[in-house]
Amino acid sequence: MSIGGTSNATKTVVLFDIDGTILWSDGAGRRAVHKVLEEVFGTTGPANHRFDGKTDKQIVRELMNIAGHSDEHIDARMEQVMERYLEELREELRHPDHPPQRFGGVLELLDALEARDDVVLGLLTGNLEEGAHEKLRVVGIDPTRFRVNAYGSDAEHRPDLPPVARQRACELLGESLPGERFVVIGDTPNDMTCGRGIGARAIGVATGRYSTAELASHGAYAVFENLHDTDAVVRAIIG
Ligand SMILES: [Mg+2]
C-alpha cells in the first residue's frame, strides 16, 4: 500500500521539533510551568533550569526533584499540573509583552516538503499534544499539516518518542519504514541523539541556544544556522 503515488519504501518522514526550531515562544512555557508549580507544590524550583530538549513532564519532574519532592509525590500531582499548565500556557502564548515568533523560512520549508509526494510531515516534540497545537496555531501554522506525530504526552523520556512516531508512520502508511527514512529536525543535542535507537538521521538548526558546532558534535547528519535556505534543507532531508 502507498499514499500519494510514491511507494512507501522511498518516503521520508520529517519530524520537526517545535520550540527553538519552528518558533520561539519567548518564555511562555517557563512562565506557565512556574506559575502552576508554585500553585501545586508551593515552589518553582530553580529559576534558571534548562527546559530545551526536554518533555513537559520531564521538566516538572526535574524541577520538583531538585526542590526535594519524591517521584511518588510528583506522580500523584502530574496530571493536575499538566492540566493547569495547558490552561496557563494558552494565556501566556497571548501575553501582549511576549508575542511568540515563527522563525524565518519555516513556512516555505513546510510548503516545499508538503508539496512532495516522497515526504510525510510530522512532529517530534516534548510538548503535550494540546500545547504543541496551541503554539503552532499562535504563529499561524495549522497543526493538521503534520501527519505523523510524537508528543511529550506520549512519553516523558524523549528517546521513547521516535519509536512512537515510527509506529504511527506504520499505521498511516500501512507498512513499516526503515529507520533511516526518518529525519529529526531540532535545535538541541537531545534532538540530535534521541532518534539513534531507531536509526533516524538528525538535522540540527542553530535557532535555539546551541551552535551548529555543538549540534554537529552530537552527531547531526547536517546542520544549519537557520531554515532560510529551503532547497539546501530539503536536499539534506532527502539525503
Ligand atoms: Mg527545541
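Residues numbered from 1 in each chain as written. Predicted model: local features only at pLDDT ≥ 70, side-chain atom pairs only at ≥ 80, totals over all residues. Heavy atoms only, no water.

S.K.: Describe the pairing of strand β6 (residues 182-186), and please don't skip the residues or the numbers.
M.R.: Walk down a regular strand and you will see the side chains alternate between the two sheet faces. For β6, a buried count of 5 out of 5 residues is recorded, marking the element as mostly surrounded by other parts of the structure. Of the two faces of β6, the one carrying F182, V184 and G186 and the one carrying V183 and I185 are both buried. Pairing of strand β1 (residues 12-16) with β6 involves 4 bridges; the strand directions are parallel. Residue pairing across strands places L15 opposite V184, the latter belonging to β6. As paired elements, β6 and strand β7 (residues 201-205) share 4 bridges and run parallel to each other. Across the sheet, residue V184 finds its bridge partner in β7, namely A202. (Buried < 20%, exposed > 50% of the residue type's maximum accessible area, 1.4 Å probe, protein only. Helix = DSSP H or I, 4+ residues; strand = E, 2+ residues; numbered from the N terminus. Pairing = 2+ DSSP bridges.)

S.K.: Tell me about the domain arrangement of the protein, and name the residues and values.
M.R.: Per the domain assignment, the segments of the protein are domain 1 (2-25 + 100-238) and domain 2 (28-93). Once you take the C-alpha centre of each, domain 1 and domain 2 turn out to be 25 Å apart. Listed by partner, the interface residues are 20 residues for domain 1 and 18 residues for domain 2. Summed over both partners, the interface of domain 1 with domain 2 comes to about 1700 Å²; 53% of that surface belongs to carbon and sulfur atoms. Linking domain 1 with domain 2 are 2 salt bridges, by the criterion used here. Between E130 and R90 there is a salt bridge, with the nearest N and O atoms lying 2.8 Å from each other. Looking at which element gives the most residues to the side of domain 1 that touches domain 2, the answer is helix α5 (residues 129-138), with 5 residues. Among the residues making up the side of domain 1 that touches domain 2, the classes are represented as 6 nonpolar, 8 polar and 6 charged. (Domains from an automatic or database assignment. Contact = heavy atoms within 4.5 Å. Buried area = accessible area lost by both parts, 1.4 Å probe. Salt bridge = Lys/Arg side-chain N within 4 Å of Asp/Glu carboxyl O. Nonpolar A, V, L, I, M, F, W, Y, C, P; charged D, E, K, R; others polar.)

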